[in-house]
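Listed below are the residues making up each chain.
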Amino acid sequence: MTIDSMRATPRPGEAADPQFVQLLTPEGERVEHPDYPLDLTPDDVRDLYRDLVMVRRIDLEAVALTRQGELGIWASLLGQEAAQIGSGRAMNEHDMAFPTYREHGVAYCRGVDPLNLLGLFRGVNHGGWNPAEHGFHLYTIVIGSQTLHAAGYAMGIQRDGVLGTPGAGAAIAYFGDGATSQGDVNEAFVFASVFNAPVVFFCQNNQWAISEPLERQTRIPLYQRAQGFGFPGVRVDGNDVFACLAVTRAALAQARDGQGPSFVEAYTYRMGAHTTTDDPTRYRHKADEEAWKLKDPIERVRSYLVRNGLADAGFFDSVDADAKTAARALREACLSLPDPEPGAIFEHVYAEPHPLMTAEQEAFAAYLASFEEVTA
Amino acid sequence: MTAETLTLGKALNAGLRRAMEDDPKVLVMGEDVGRLGGVFRITDGLQKDFGAERVIDTPLAESGIVGTAIGLALRGYRPVCEIQFDGFVFPAADQIITQLAKMRMRSLGSVSLPITIRIPCGGGIGAVEHHSESPEAYFAHTAGLRVVACSNPVDAYAMLRQSIASDDPVIFFEPKRRYWEKAPVPLDGDFPSLHSAQVVQAGTDVTVLAYGPSVKTCLEAATAAASEGRSIEVIDLRSLNPLDLPTLAASVERTGRCVVVHEAPVFAGFGAELAARLTELCFYRLEAPILRVGGFSTPYPPSRLEDEYLPDLDRILDAVDRTFAW
Ligand SMILES: Cc1ncc(C[n+]2csc(CCOP(=O)(O)OP(=O)(O)O)c2C)c(N)n1
Ligand SMILES: [Mg+2]
């Protein structure tokens, strides 16, 4: 089968989908949607623009650091900034996100220092931030596992009796189009559904699971699967930060209000390689990437700001300068990240000291010390 | 006999290709195995040559891969499943342990499931979590599965063909950090039995047992020890289940000392089985207890620590020294 014969089938639901929520066109024109009113002040829009630029710049820096051998690997979010910033900014302080390994933009919204993300990909630790501090769980690499954690966390919120109160939060599970094939993800849908748990399933459909196109995971638009599980599903323009913000806000609000789970399919595109070790020229056409470039999530906000006279060159320059400064600081911090001490292998495996671990740790320390004696 | 110089990865590719040519019922299935040729390119070019009906890019679901492979096998096919990385076999653990391993017994022998599950395993490639694990003990512990681990291009080719030809399910471990090692690979002829261990370095003073990625490290240790006048015999297990105990015991009987090396954690690891069995068989000939060198009994560490975690030449020689100091 050639790339072309596979592409001959139109993507499910691609043409004229009535449920594609869009509030900002690729040209930067504001459009209304009856179900998703959105009032943003000029400051709000400028802030969103700044977020988008910042996370793209941070991501680019991480890619560069990987190329230079400073990180083992990096999963770029290029193209998915709007889906992540829109949904990330929709969360409140009580909400809890359950990310994959690509949610750098959401991490940014939740106040996780990007250096933590780099540390994971550099191999310094496995993440290590405190999820409760940020309302942002640890990165999960095993595809789909975290969706069940989100469902369970939501069941906990439900049992706390806070739904419908100002202290209510919801869980939001991030996952990809490929993940929708996993048993865990489908089980998460079932649990969330039958328990009416306050969880939003936020699927970034970036059209690819490494080399496998969407058609290999589904024959119907993904958001339509939700109906079969018994909760609402909606498809949103994943490159439209306004729409992602509005739709996720509504979904989270419903969940916090006790109205149960929902599914948001953010229709977007993975503009880069799957990770820095991947070579997409083996399986997809450059033309696809070019077509999606025209729908760039940042350009349209910029056009909107310009078109409405909400920002001038000075603003754009200052955002770029800030992003550059942040990237430089991040690079320097990454380069000076200390390697963990060998003893760290034995840490945090159990809550209490563990006899076997302690014995191995001591034996290993003595073994390492024996070399020092020799060289001394 | 034709031999071709191949990397271990290319030897696997050649083995798959040959098995597919020889038997139209052989299928390859897994994530990204088609057009991409797998993330390690082990299935490179197979879909182009054998078609998408036989080289199947599956949905992203490991339980699905193994579960449907069982169905295909029930229908007379001989699926070779690729699990992308060691740490991702666990969603399929249920299908492997409760179904694949037990179907023959459940059917009183009327059902065979000739399925090979290829799993790149082990660390040393600077990867993130779940990409460096050595889960062989879980599967060796599961009766009904055959479990093998190749360590070099020659075995990679021969053992993969033999595994695919097996009428029992085979868990086939591939040493991912050795994918780029090269050797002349005989493509035809008589191969040693799939479940035989091989003495890969003859020696007289101590027997070192290893499999998969650790074999090369042990050979390096043997070379280093030789320069200090100590003769290490290195045996490549090749098969974990069944286990070629006679070959192992004969060596330990001769040397009187034994060290087992693997990347997996030592505690309740495969080395424990070896130590127990060989102690029983060679008790009166042993000069020292059988020692084990392996990963620590911790989760696999972040990659900046993996050089400390993985058994290296020094730790192997240290254990060898300790068996002499006993
Ligand atoms: C259980 C499991 N199987 C396989 C993998 C290897 N893997 C990593 S990412 C990926 C594709 C994921 O695709 P998708 O869910 O669409 O997310 P995306 O990477 O596109 O963001 C695969 C197969 C894994 N991490 N976990
Ligand atoms: Mg995807």
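Residues numbered from 1 in each chain as written. Chains lettered and ligands numbered in written order. Predicted model: local features only at pLDDT ≥ 70, side-chain atom pairs only at ≥ 80, totals over all residues. Heavy atoms only, no water.

1. Here we look at the overall build of chain A
A tally of helices and strands in chain A yields 14 helices and eight strands. In terms of overall dimensions, chain A is globule-like: its C-alpha atoms have a radius of gyration of 22 Å, near the 21 Å expected for 376 residues. Dimensions of chain A along its principal axes, counting C-alpha atoms only, are 75 × 50 × 50 Å. Looking at chain A as a whole, 53% of its 376 residues are labelled buried. (Helix = DSSP H or I, 4+ residues; strand = E, 2+ residues; numbered from the N terminus. Rg over C-alpha atoms; globule rule 2.2 N^0.38 Å. Buried < 20%, exposed > 50% of the residue type's maximum accessible area, 1.4 Å probe, protein only.)

2. What to know about the overall build of chain B
Tallying secondary structure elements over chain B gives twelve helices and 14 strands in all. Taking 20 Å as the expected radius of gyration for a compact globule of 326 residues, we find that chain B reaches 19 Å, a close match to that expectation. Along the first, second and third principal axes, the C-alpha set of chain B runs to 60 × 45 × 40 Å. Taking the contacts inside chain B whose residues are at least 6 apart along the sequence as the reference set, 82% of them involve residues at least 24 apart. Carbon and sulfur atoms provide 54% of the accessible area of chain B, an area that totals close to 12,200 Å². Distance between charge centres in chain B, computed from 31 positive and 42 negative side chains, equals 4 Å. (Contact = heavy atoms within 4.5 Å. Areas by Shrake-Rupley, 256 points an atom, 1.4 Å probe, with all protein chains shown as cover. Lys, Arg positive; Asp, Glu negative; His and termini not counted. Charge placed at Lys NZ, Arg CZ, Asp CG, Glu CD.)

3. Here we look at the pattern of salt bridges
Residue and element names in this part refer to chain B. As enumerated under the stated definition, the model contains 38 salt bridges over all chains in all. The shortest N-O distance in the salt bridge between R177 and E263 comes to 2.3 Å. Residue R177 is located in the loop between β7 (170-175) and β8 (182-186), and its partner E263 is located in strand β13 (residues 258-265); the two are separated by 86 residues in the primary sequence. Each of the two residues, R177 as well as E263, counts as buried. When salt bridges that share partners are traced, they join R18, D22, R161 and D188 into one network. (Salt bridge = Lys/Arg side-chain N within 4 Å of Asp/Glu carboxyl O.)

4. Some words on the packing of aromatic side chains
Enumeration according to the criterion identifies 42 aromatic pairs over all chains in this entry. Measuring from ring centre to ring centre gives 5.0 Å for F40(B) and Y179(B), while their planes differ by 50 degrees; the resulting arrangement is tilted. Highlighted residues: F40(B) in the loop between β2 (26-30) and α2 (46-50) and Y179(B) in the loop between β7 and β8, separated in sequence by 139 residues. Among the aromatic side chains, those forming a connected cluster through ring pairs are F346(A), F364(A), Y367(A), F371(A), F296(B), Y300(B) and Y309(B). (Phe/Tyr/Trp six-rings, centres within 6.5 Å; stacked < 30°, edge-to-face > 60°.)

5. A short note on the sheet that holds strand β5 (residues 116-121) of chain B
All names here are of chain B. The strand order across the open sheet formed by seven strands is β3-β2-β4-β5-β7-β6-β12, and the pairing between neighbours is mixed. The outermost strands of the open sheet, each flanked by one partner alone, are β3 (55-57) and β12 (239-241). Pairwise comparison of adjacent strand axes, ignoring direction, gives a mean angle of 20 degrees for this sheet. Across three bridges, strand β4 (residues 78-82) lies against β5 in parallel orientation. Residue pairing for β5: C81 is matched across the bridge by I117. Against the sheet, helix α7 (residues 153-165) makes contact with β2, β4, β5, β6 (146-149) and β7, and its axis sits at roughly 165 degrees relative to β7, the strand it touches most. (Pairing = 2+ DSSP bridges. Axes fitted to C-alpha atoms, helices over the stretch in contact; angles between N-to-C directions.)

6. Some words on helix α7 (residues 145-160) of chain A
Turn by turn, an α-helix covers 3.6 residues, leaving residues three or four places apart pointing in a common direction. All names here are of chain A. The terminal C-alpha atoms of α7, which comprises 16 residues, lie 23 Å apart, in line with the 22 Å expected from a rise of 1.5 Å per residue. Burial in α7 covers these residues: S145, Q146, T147, A150, A151, A154, M155 and I157. Note on α7: the residue one or two positions beyond its end, G161, has a positive phi of about 70 degrees. (Expected span 1.5 Å × (residues − 1).)

7. Here's the deal with the coordination of the magnesium ion (ligand 2)
All names here are of chain A. Donor atoms from the polypeptide that coordinate the magnesium ion (ligand 2) comprise D177 (OD), N206 (OD1) and W208 (O), at 2.1 Å from the metal. Given the relative accessible area of 4%, N206 is considered buried. The buried category is assigned to W208, whose relative accessible area is 4%. (Donors = N, O, S within 2.8 Å, 3.2 Å for Na, K, Ca; no water.)

8. Description of the domain arrangement of chain B
Residues and elements named next belong to chain B. Looking at chain B, the domain boundaries give domain 1 (3-186) and domain 2 (198-323). For domain 1 and domain 2, the distance between their C-alpha centroids amounts to 26 Å. Between domain 1 and domain 2, the residue contacts involve 27 residues of the former and 22 residues of the latter. Put simply, domain 1 and domain 2 have three salt bridges between them. At the boundary of domain 1 with domain 2, the tally comes to 16 residue pairs in polar contact (both at pLDDT 80 or more). Those elements giving two or more residues to the side of domain 1 that touches domain 2 turn out to be α6 (136-140), β6 and α7. Considering every element that reaches the side of domain 1 that touches domain 2, the biggest residue donor is β6, with four residues. A class-by-class count of the residues in the side of domain 1 that touches domain 2 yields eleven nonpolar, nine polar and seven charged. (Domains from an automatic or database assignment. Polar contact = N/O pair within 3.5 Å; in protein donor to acceptor, adjacent residues only side chain to side chain. Nonpolar A, V, L, I, M, F, W, Y, C, P; charged D, E, K, R; others polar.)

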